[in-house]
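# A structural walkthrough
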Amino acid sequence: MKRIFLIFFVILSLLGNSLNAQSRRVTGTVTNLDDGSTIPGVQVLVKGTTVGTVTDLNGRYELNVPQNAILVFSFIGLKTVEVEVGQRSIVDVAMATDAAMLDEIVVVGYGTRLKSELTGSISQVRAADIANVTQPSFESALQGRASGVFVQGGSGKLGQAIKVRVRGTSSISAGSQPLYVVDGIPINTQNIGTGGNEPTNPLADLNPSDIETIQVLKDASAAAIYGARAANGVVLITTKRGREGRTNFSFTSQLGYSQPAQKVGFLNRQQYLSLVEEGWNNVIDLYGNDAYSWLGLDADDGDTWKDALDIFFPYWRDPDNPDDMTKGPDESWEDRALRNGFAQQYDLTASGGNDKTRFYTSLSWANQEAVVIGNDFDRITGRFNLDHKASDIVSFGIGLNPLRSRSFRVANDNAFATPLQMIALSPLDPAFIPGTDELNRDTQYENGLIPAKYNTFDATVYRNIGNVYGNLNILSGLSFRTEIGFDQTNQKEKGYWGRLTNDGGPYGSAEERTVLLQNYTFNNYFTYNNVFADILDLNLVAGTSYEEGYLETQFNGAENFPSDRFRRISSGAEPSSMSGSGTSFAFLSYFVRSNLKLYDRYLFTLSGRYDGSSRFGKNMRFGVFPAASAAWILTNESFLANNNILSFLKLRGSWGVTGNAEIGNFASRGLYGASNYAGFSGLVPISLPSEDLKWETTTQTNIGIDFGFLNNRVTGEIDYYIKKTEDLLLNVNLPATSGFTAITKNIGNLENKGWEFMINTSNIDQVLKWNTSFNISFNKNKVTNLNGQIIRTDIWRAMENEPIGIFWMPLYAGVDPDNGDALFYKDASRTETTNILSQAEHQKAGDPNPDFIGGLTNTFRYKDFDLSFMFQFVYGNEIFNRGRQWQADGLSWFDNQTIEFYENYWKEPGDKSKYPQPRFLEGNGYGVSSMLIFDGSYMRLKDVTIGYTIRLPQVGVSSLRIFAKGLNLLTWTKYPGWDPEANFVGTGPSAQTFNLQQGFDFYTTPQPRTITFGLQLGF
């Protein structure tokens, strides 16, 4: 027996030695190239064999491989990787997302679908596109990346409102911003700040690093499941959640440095004096030596322009050399108002789980200084997402996003206290009294450094956004989900205006305002999925949604403070004002959607939503919003089978109706308010009832093509759409003699139609990888019916057969080459001209709506190096630069002039110049005209990112990435202002102001040019 065992072990030993000579053990870890997290469930095969394994929960694998083996790593949604083992015993692999893959999962309303099975039009932005964004709000990531979505920053101020339009502006007096939904819950995006400042952006409270994907639902088929809220498009935001596997940690540190993307350039001392002298002489030549008698000056008495300056500028001469014009103050107020900014952000995340419980947590702190003085922003956010599977029947989860943000704002965004309006000051006005460190208070306009020092206006927000959900698997294919979502905000604003400032002098004033906002959403819906005989794939969703919102404000003010060191209203001797308000709304909805797929090629979607809102008249409170769409996947037909060129081809079409309810909560009601007179209180009517007020509806038709070539190395989408909005929620003017100024009614129609093109290419897919994405969108807007009315907001108009928000003013006809007069067209015939602005007829002078928008992104990866850059462009829009009314008026007053004006004004007979002859303190064409309208087209190098990743799994570091990012590095434009991306809406704007008042530049802070350096550690 012993001999038998001995022979057995000898044979086994020989066999083992033989096997060892033919194969060996290889181990390794598979990670995600984007974030360094490990990936469980990756299939690992020896190429050409069936020998293989899958990675465990920690992303690790072990495998016996033969000599000269090639390992193939594959996973759904990631690019397949092939690696030669060579002599290595450890083979670690990082897998990249397959950007060209058409079967990725896309989030839609109340569910998900495969991208290849979509029948509607959806644009998607992924986590990698918004990663490491040092700007306060994530919407900038949509610029140039999402076709059909026009994103325009209000200014370079931090936390300011951002304008987003999905396929054009769809309303005149109602809101036109899209609906934002975070993890299935609508959130507040409306400005709740004081009316004394420009509107803020509540979306700046969200941490972009927590976002996994952003889907923009553009056509009615995709958006109609949200019914009355979807006329302006829907933005679905999905936050990151945990995955099965070991706990992965990630730490990201970023430091950024900013400067204004562009400076305009204004006159220095010598240029300013030269222009004053020339302007003085021009006026004397025209009107005689007593032209300045209103100043007590007469050239016959020897008075000169220097005497005029003595009246207004007490420090303009050098006291030691008063006759030496080369000496004296030479202030650069543009440099005083703008500065180099700084940004820092730190993010720590942990995620992981098992087959029962998954979690994602994060903590982030961000701090930024704007490029304009007095404006800073900081934010602390946390996130906790937990998903637990209690059994095969019951699962539940929770998502919490507590945060605190603080915005340090300029004291008043529409006064000379606004820092950038300092540039109106002459270089002859010094910032400090010469020879001292005391701020100069004797400037022509307020020295902006004084309110910057003594005024403050801060807004602190405590907010929590979250949801709790439960899933019940009732039967095979049938499930029920219930979820409660909330968005709670406590905002405290505190302002103080110092005793030395124009706004607060002489005794100081303060205000405090508190805002409580509470939004609750309760969703309940069933989902049914089943496949019948491998022919019909059916998905049904049906449920209800209830949303309720409440907003309460309290305002208190005080005056007469003992010192600027005491800034709380309790320190003021005299209460100046006190007010409060409360408002609420509710929505009740029922929705249903069915998705059918026949023979893997014919796709149909039907949806409907029945919405009721407290905002509408009691007779028209509910509305029905249906949608239908269909698609045909031609490449699944037999006649296109085994096609080596055409990888994917889908035709789709949709039709549907969506609604708009973004009006005041009580626009349909006849309201009374409390008032007092002579010590007695009473009630007064404040609005008229509109009991038949109903939904503004938008009917949209969309035809699209999705395609892929060469094994999806080239993919793309083409869409054509027509959006027709009817029953506009319009603020109709009333005669003031009625006791009311306006009432909201359903009057009018408008239309948007256009084309969208998107193409993605995998240009090189070897060791060097190069991918390109390009999109371009064309949209035409037209108001088709207003019952003959014209809706006005200052110089902007909405009128029939014209785009919304056209400029309406006299047309500038250029400069008379004989005498330098500014000329204007007398009437629309453009034949007769006049040099008197008041004699010129007001007419259409421009259009702020762009002809097309788009972006181009290129991404390169070579081994562990990555590089990407993105160009964003806007073409065909025009900008009204109201500041130029004083910055390029030839010194009608003392405002400093631009270098561009100085180099292009009329000087002598025969000149063909851009600007008229300067006339000191008289003006020449001064006023609002199309002289102030400029081409706002631009192309911008929006984003450049370069990084290098090191992987050290042997010491527990899954990835160490060092990167640098540049934002707004270069801008190509003919626009002479600070920035063509300008959208000033003023203080306390209404929805109508937002819609009409487009392309407005009024001392608007430019976008920052930012360079960020960062480090991302995964372990």
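Report follows, based on the coordinates. Chains are numbered independently. Their residues run from 1 in the order of the written sequence. Where totals are concerned, whole chains, interfaces and linings use all residues; where local detail is concerned, this predicted model gives features only for residues with pLDDT of at least 70, and gives and counts side-chain atom pairs only at 80 or more. By convention in this description, side-chain values take in all heavy atoms of the structure and omit both hydrogens and water.

## As for the sheet that holds strand E14 (residues 185-186)
The strands that make up a sheet are held in pairs by hydrogen bonds between backbone atoms, and each pair lies either parallel or antiparallel. Strands are treated as partners if at least two bridges between them are detected by DSSP. Helix and strand labels come from DSSP, where a helix needs a run of H or I of at least four residues and a strand needs a run of E of at least two; each type is numbered from the N terminus. Within the open sheet, the five strands sit side by side as E10-E15-E16-E13-E14. Their pairing is mixed. Strand pairing shows two members of the sheet lacking a second neighbour, strand E10 (122-126) and E14, which therefore form its edges.

## Let's talk about the packing of aromatic side chains
Aromatic pairing here means that ring centres of Phe, Tyr or Trp (its six-membered ring) are within 6.5 Å. Orientation follows from the plane angle: under 30 degrees is stacked, over 60 is edge-to-face, and everything else is tilted. If you walk through the whole model with that rule in mind, you get 56 aromatic pairs. Taking 5.0 Å as the distance between ring centres and 20 degrees as the angle between the ring planes, the aromatic pair formed by phenylalanine 852 and tyrosine 875 counts as stacked. With phenylalanine 852 in strand E45 (residues 852-862) and tyrosine 875 in strand E46 (residues 865-875), this pair connects stretches of sequence that are 23 residues apart. Each residue is assigned to one of three classes by its accessible area relative to the maximum for its type, calculated with a 1.4 Å probe on protein chains only: buried under 20%, partly exposed between the two thresholds, exposed over 50%. Residue classification places phenylalanine 852 among the partly exposed residues on the basis of a relative accessible area of 22%.

## Regarding the sheet that holds strand E48 (residues 933-935)
If you trace the three strands from one edge of the open sheet to the other, you get E48-E47-E51, paired in mixed fashion. The strands lining the two open edges of the sheet, one partner per strand, are E48 and strand E51 (1000-1001). Sheet analysis places strand E47 (residues 878-881) next to E48, joined by three bridges and oriented antiparallel. Counterpart to phenylalanine 880 in the pairing with E48 is isoleucine 933.

## Quick look at a nonpolar patch on the surface
Each patch is assembled from residues with relative accessible area greater than 30% and no salt bridge, linking like charges that lie within 9 Å and nonpolar side chains (Val, Leu, Ile, Met, Phe, Trp, Tyr) that lie within 5 Å. The Shrake-Rupley method, run with a 1.4 Å probe sphere, supplies the accessible areas, and residue values consider only the shown protein chains as cover. By convention in these notes, a salt bridge is any Lys or Arg side-chain nitrogen within 4 Å of a carboxyl oxygen on Asp or Glu. Taken together, the side chains of Ile484, Phe522, Tyr546, Leu588, Tyr590, Tyr610, Phe622 and Val624 make up a nonpolar region of the molecular surface, amounting to roughly 730 Å² of accessible area. Here leucine 588 lies in strand E26 (residues 574-598). When its relative accessible area of 31% is taken as the criterion, leucine 588 is described as partly exposed.

## Topic: helix H4 (residues 269-287)
The end-to-end C-alpha distance of H4, which contains 19 residues, comes to 27 Å, matching closely the 27 Å that a straight helix rising 1.5 Å per residue would cover. Every buried residue belonging to H4 is among Arg269, Tyr272, Leu273, Leu275, Val276, Gly279, Trp280, Asn282, Val283 and Ile284, and all of these are buried. Here, residues are in contact when the closest pair of their heavy atoms is within 4.5 Å. Looking at the packing, one finds that the buried side of H4 touches helix H5 (305-312) and helix H9 (899-902). Once H4 finishes, glycine 288 follows within two positions and takes phi at roughly 100 degrees, a positive value. Multiplying 1.5 Å by the residue count of a helix minus one yields the expected span of that helix.

## Topic: the pattern of salt bridges
Within the structure shown, the criterion is met by 46 salt bridges. Across the pair aspartate 210 and arginine 383 runs a salt bridge whose closest N-O atoms are separated by 3.6 Å. With aspartate 210 in the loop between E14 and strand E15 (211-217) and arginine 383 in strand E20 (residues 376-389), this pair connects stretches of sequence that are 173 residues apart. With a relative accessible area of 8%, arginine 383 lands in the buried category. Lysine 780 is the salt-bridge partner of aspartate 851, the closest N and O atoms lying 3.5 Å from each other. With aspartate 851 in the loop between strand E44 (842-846) and E45 and lysine 780 in strand E37 (residues 768-785), this pair connects stretches of sequence that are 71 residues apart. A relative accessible area of 52% means that lysine 780 is categorised as exposed. Residues joined by salt bridges that share partners form a network here, namely Arg113, Glu117, Asp537, Lys597 and Asp600.

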